[in-house]
Amino acid sequence: MKILVIGSGGREHALVWKLKQSSAADRIFCAPGNAGTGESAENVAIPATDLAQLRDFAKQNKIDLTVVGPDDPLAMGIVDLFNADKLRVFGPTKSAARLESSKIFAKELMRAQNVPTAQAQTFSDSKEALDYCEQLRFPVVIKADGLALGKGVIIAADVDEAKATINAMMNQARFGEAGRRIVIEEFLRGTECSLHALVDGKNYRLLEAARDHKRACDGDQGPNTGGMGAFSPANNWNPQLQSEFEDTILRRLLKGLREEGITYRGLLYPGLMITEDGPRVLEFNCRFGDPETQALLPRMKSDLLTLLDATIDGKLDRETIEWDERASVTIVLASAGYPGKYETGKKISGLADAAKLEGVQVFHAGTKITNGEVVTSGGRVLSVTALGKTIAVARNRAYEAVSRIHFEGCHYRRDIALSAASG
Ligand code: AMP
């Protein structure tokens, strides 16, 4: 089989790495890819959002399966475009991907099906939103309706911050179209957990639970990022929570989608807050998480290609997913300044030394080859995953690997999985 993976992050490198282990995978392409995917696959210089060029490439090269990594092409309708040309593709259609691309759509669906989530009000008029703030108890959470690179969620501590956020989103168009409509919701207390599910239209299969670290600095300080690390299994998850999650969240949501006439095929991962009253949905993601994928796939023993095929064909009921008992810890190495401004073009050394360690995988994200050398080219540069008998062992290994890698301005958190390692 010829496979095309779309995207250029650590998630896509992990997908390429895992798909390559499948006996049915003959050739793998990655568009646009990074230095890491260029080693294990063939990079194709087409941006992930150039849908027409991607379709033409898939047609001309007789690609048997395309796997879409990031959210943007899904929200733009890449799956509909490929389907129209009878090209096989893994991911939800544009209308199904609204679960992620419109927080208002997701909220309305959850409300209709009684899916537990934060109480919320939606606004398309800034004056109404500003007036509404006057009667609230703080903190509250303000969310841009559309996709905003993970930056469209603000926790407002008081009425002044709430009003400034509403003005920035709705009147000053800080997030463009994405912030024209907003959601103001109740602030939930608890711990977060990511649940990935393969959904084939009728059936689903859950992946192991994972947790990620979103803030830039130790102790959950600093700005929100795409993710600075992850680990699996999640130490705040158990079989009882899982059955509650399946009964009150996943099944109700899939019923709601069916009632809307939407067939969801692809990866669906809700971000959850585990509150005193049980799991609550924070958001839906319609693709594999980054960096959760880098923590999950090294633990997956089953053939990923078989699972993706079964998802597309509506045959997940025949599949089970086998897991490595070992735990995994993933640490993201970022450029100094990320998620704000950062420099690129810094030479990276020690990659081979790090990869020599038992149970360690180095996944590339913002890297490229310049004059035969691997250099930085993005905010999140690498994700380093280690497996170990326990979270503590995996964590020590991952940090040992990280200590072998160097580039100017390298920033990473020192407390990834710390609570799970000592607990
Ligand atoms: P989202 O993109 O909706 O997942 O939001 C990004 C992050 O904001 C989440 O991972 C949470 O840390 C935080 N967040 C979102 N919604 C809430 C909420 N209702 N209460 C508390 N924190 C939230």
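Provided above is the structure to which this section pertains.
Everything in this summary refers to the structure shown in the same document. Since the model is a prediction, treat every value here as computed from it, not as a measurement.

## Examining the packing of helix α1 (residues 10-20) against helix α12 (residues 304-313)
- The N-to-C vectors of α1 and α12 enclose an angle of 100°; their axes lie 8 Å apart at closest approach. For the element pair α1 / α12, the angle class is roughly perpendicular. Across the interface between the two elements, L15, K18 and L19 of α1 pack against L304, L305 and L308 of α12.

## Concerning the site of the ligand
- Around the ligand sit 14 residues in total, of which E185, E186, L188, E192 and E283 are the nearest.
- Within the side chain of K143, one N or O atom sits 3.1 Å away from a nitrogen atom of the ligand.
- In isolation the ligand has 470 Å² of accessible area, and contact with the protein removes 92% of it.
- Where the shell around the ligand is concerned, the elements lending two or more residues are β7 (140-144), β9 (182-186) and β16 (278-285).

## Considerations on the sheet that holds β9
- An order of β6-β9-β7-β8 is seen for the four strands of this open sheet, with the pairing classed as antiparallel. This sheet does not close on itself; its edge strands, each paired only once, are β6 (120-123) and β8 (153-156). For this sheet, the mean inter-axis angle between neighbouring strands, taken without regard to orientation, is 20°.
- Alignment of β6 against β9, held across four bridges, turns out to be antiparallel. Residue pairing in the sheet places Q121 in a bridge with I184 of β9.

## Let's talk about the nonpolar core
- Ranked by internal contacts, the top residues of the largest apolar core, which has 32 residues, are V5, L19, V67, F90 and L198.
- Of all the elements in the fold, those that place two or more residues in this core are β1 (2-7), α1, β2 (27-32), β4 (65-68), β15 (265-275) and α12.
- Of the residues forming this core, the biggest block, six residues, is contributed by α12.
- Membership of the second largest hydrophobic core comes to 31 residues, among which are L99, F245, I249 and Y264.

## What about the side chain of H13?
- With respect to the secondary-structure elements, H13 resides in helix α1.
- Among the residues examined, H13 registers a relative accessible area of 7% and is labelled buried.
- Polar contacts involving the side chain of H13 include one to the main-chain amide nitrogen of H364, which spans 2.8 Å.
- Beyond its immediate chain neighbours, meaning those up to four positions away, H13 contacts N34, G36, T37, S40, V362, F363 and H364.

## Description of the pattern of salt bridges
- Considering all chains together, one arrives at 29 salt bridges under this definition.
- Between D85 and K59 there is a salt bridge, and its shortest N-O distance comes to 3.6 Å. Of this pair, D85 sits in the loop between α5 (78-84) and β5 (89-90) while K59 sits in helix α3 (residues 51-60), and the two are 26 residues apart along the sequence.
- Residue D85 is classed as partly exposed on the basis of its relative accessible area of 29%.
- Residue K59 is classed as partly exposed on the basis of its relative accessible area, which comes to 44%.
- Its salt-bridge partner being D313, residue R88 comes within 3.1 Å of it at the nearest N-O pair.

Procedures and definitions
- The residue numbers shown here count from 1 along each chain, following its written sequence.
- In keeping with the model being predicted, local features are shown solely for residues with a pLDDT of at least 70 and side-chain atom pairs are shown and tallied solely at 80 or more, while totals for entire chains, interfaces and linings include all residues.
- Processing note: side-chain calculations cover all non-hydrogen atoms of the structure and skip hydrogens and water entirely.
- To obtain an axis, a line is fitted to C-alpha atoms, over the contacting stretch when the element is a helix, and the angle between two such axes runs from 0 to 180 degrees between their N-to-C directions.
- Strands are runs of DSSP state E lasting at least 2 residues, helices are runs of H or I lasting at least 4, and numbering of each runs from the N terminus.
- Under this scheme an angle from 65 to 115 degrees is roughly perpendicular, one under 35 degrees roughly parallel, and one over 145 degrees roughly antiparallel; angles in between are oblique.
- In this analysis, two residues are considered to be in contact whenever any of their non-hydrogen atoms come within 4.5 Å of each other.
- In this text, near means that some heavy atom of the residue lies within 4 Å of the molecule or strand in question.
- We call two N or O atoms a polar contact when they sit within 3.5 Å, provided that within protein one can donate a hydrogen and the other can accept it, with sequence-adjacent residues counted only if both atoms are side-chain atoms.
- Exposure was quantified through the Shrake-Rupley algorithm and a 1.4 Å probe, taking into account, for residues, occlusion by the shown protein chains and nothing else.
- At least two DSSP bridges between two strands are needed for those strands to be called paired.
- To qualify as a nonpolar core, a set must consist of buried Ala, Val, Leu, Ile, Met, Phe, Trp, Tyr and Cys residues joined through side-chain atoms within 4.5 Å.
- Throughout this description, buried means an accessible area under 20% of the type-specific maximum (1.4 Å probe, protein chains only), exposed means over 50%, and partly exposed covers the range between.
- Between Lys or Arg on one side and Asp or Glu on the other, a salt bridge is scored when a side-chain nitrogen of the former is within 4 Å of a carboxyl oxygen of the latter.

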